[in-house]
Amino acid sequence: MLLPILQVHSEDLSPYAIVCGDPFRAEVIASKLEQSKELAFSREYRTFVGEFQGVPITVVSHGVGSPGAAVCFEELIKGGVKTLIRVGTAGSYSTDVPPGSLVVSTAAVREEGLTRQLVPHGFPAVADLDVVQALYEAASETDGLVRKGITVTLDAFFQGVEEFPHRKYKQAGALAVEMEIAALYVIASLRGVRAGAIVALDGYADADLREVYNPHTDVVAHAVEREIMTAIHAVIKLHAKA
C-alpha cells in the first residue's frame, strides 16, 4: 500500500519508527543504522529504513508543529508502525536541567490546537510506560544528565503580544516545552499503538527566542547525539522484550 503523503510503501516500513522534526536530523539518525537507505523525501517528510543489531527501524522526519507531524504519525500507523519514538529538542523550565540535558517525556500538556480537534478537552496525552522505561534506561547509560517527567506542547515558537503561562507550568513541575509530543501521544492512544519521546534541551523556555536562541552549540550537539543513540537502543530493549 502506498502512503500518499509520505510517498512510501507500507511493506517497506518496520514496526518501530524513530521520528524527528528536521529532515537532515533524520539522515543523521539513519546513518547510525546498518544497511540504511532513503525511501522518499516528500514535503517535510523524509523516510529512511535500516537495521541495528538485526532489528529493522524506520526513521522519518515530521517537520515543525503538531498538525504536520500528526499527518506523519497517522500515515506511519496506517502503514503498520506499532511503536513510535520522537527525538527532538526543547526549552528547559529549570536551571536544574540546563541545555545539554535530556528529558524523557512521560506525558504532555496539550497547549496546542491540533488535539482539541481530535479528543475532548480533559483527555490526557500520555506516553506508553514500556517506551518511557526503555528510553530512560538507555539514556541513563549515556554520559550526561537525564530526567523524566511532564513536558508542554505549544504551537507558538516565538513570543507575540499574548503571554504564555510558562511560570505556572514550571511551578506545577513541567520540565520542558516543545511543539509535537502531545499530538504524538494522543494519536497513539487513539490508534492503539505505543509512543514515547526524548528531547535534548537547547535553551530556556521563558527566554525571548528571537534574541537568544542558538541551538548550534557543542553542548547541544552532544545531547542530540546522546538522544539519537538512546532512541535506537530503546528500540533494541523493547524488541528484546517483545
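Relevant structure appears above.
Report on the accompanying structure. (Residues numbered from 1 in each chain as written. Predicted model: local features only at pLDDT ≥ 70, side-chain atom pairs only at ≥ 80, totals over all residues. Heavy atoms only, no water.)

1. Some remarks on the packing of helix H1 (residues 23-31) against helix H7 (residues 218-241)
Item 1. Where H1 meets H7, the axes come as close as 10 Å, and the angle between the chain directions of the two elements is 60°. Looking at the two axes, H1 sits oblique to H7. Between H1 and H7 lies a crossing whose hand is right-handed. Listed contacts from H7 to Arg 25, Val 28 and Ile 29 of H1 are Val 224, Glu 227, Ile 228 and Ile 232.
Item 2. Per-class residue counts for the contact of H1 with H7 are five nonpolar, no polar and two charged. (Axes fitted to C-alpha atoms, helices over the stretch in contact; angles between N-to-C directions. Helix = DSSP H or I, 4+ residues; strand = E, 2+ residues; numbered from the N terminus. Parallel < 35°, antiparallel > 145°, perpendicular 65-115°, else oblique. Left-handed = near helix turned anticlockwise from the far one by under 90°. Contact = heavy atoms within 4.5 Å. Nonpolar A, V, L, I, M, F, W, Y, C, P; charged D, E, K, R; others polar.)

2. Description of the packing of aromatic side chains
Item 1. According to the stated counting rule, one finds two aromatic pairs in the structure shown.
Item 2. Judged by centre distance (4.9 Å) and plane angle (90°), the ring pair of Phe 157 and Phe 158 falls under edge-to-face.
Item 3. Phe 158 gets classed as partly exposed once you look at its relative accessible area, which sits at 45%.
Item 4. With a centroid separation of 5.8 Å and 20° between ring planes, the pair formed by Phe 164 and Tyr 169 is classed as stacked.
Item 5. Here the basic side chain of Lys 148 rests over the ring of Tyr 136, its NZ or CZ set 4.6 Å away from the ring centre. (Phe/Tyr/Trp six-rings, centres within 6.5 Å; stacked < 30°, edge-to-face > 60°. Buried < 20%, exposed > 50% of the residue type's maximum accessible area, 1.4 Å probe, protein only. Lys NZ or Arg CZ within 6 Å of the ring centre and 35° of its normal.)

3. Here's the deal with unusual backbone geometry
Item 1. In the Ramachandran plot, Gln 7 falls in the positive-phi region, its phi being about 65° despite a non-glycine side chain.
Item 2. Its place among the elements puts Gln 7 in the loop between strand S1 (2-3) and strand S2 (8-9).
Item 3. Using a relative accessible area of 39% as the deciding quantity, one classes Gln 7 as partly exposed.
Item 4. Phi at Gln 53 is positive, roughly 55°, even though this residue is not glycine.
Item 5. With respect to the helices and strands, the residue Gln 53 is situated in the loop between strand S5 (45-52) and strand S6 (55-61).

4. Looking at the nonpolar core
Item 1. Membership of the largest hydrophobic core comes to 74 residues, with the highest contact counts inside it found for Phe 73, Leu 76 and Tyr 185.
Item 2. At 10 residues, the largest contribution of residues to this core is made by H7.
Item 3. In this view, Leu 76 contacts Leu 6, Leu 13, Ala 17, Val 19, Val 60, Val 81 and Leu 84; residues no more than four positions away in its chain are not counted.
Item 4. Core analysis: the second largest hydrophobic core is formed by eight residues, Tyr 93, Val 109, Val 152 and Ala 174 among them. (Core = buried A, V, L, I, M, F, W, Y, C linked by side-chain atoms within 4.5 Å.)

5. Re helix H5 (residues 181-191)
Item 1. Of all 11 residues making up H5, eight are buried, and the element is well covered by its neighbours.
Item 2. Restricting attention to buried positions, one finds in H5 the residues Ile 181, Ala 182, Ala 183, Leu 184, Tyr 185, Val 186, Ile 187 and Ala 188.

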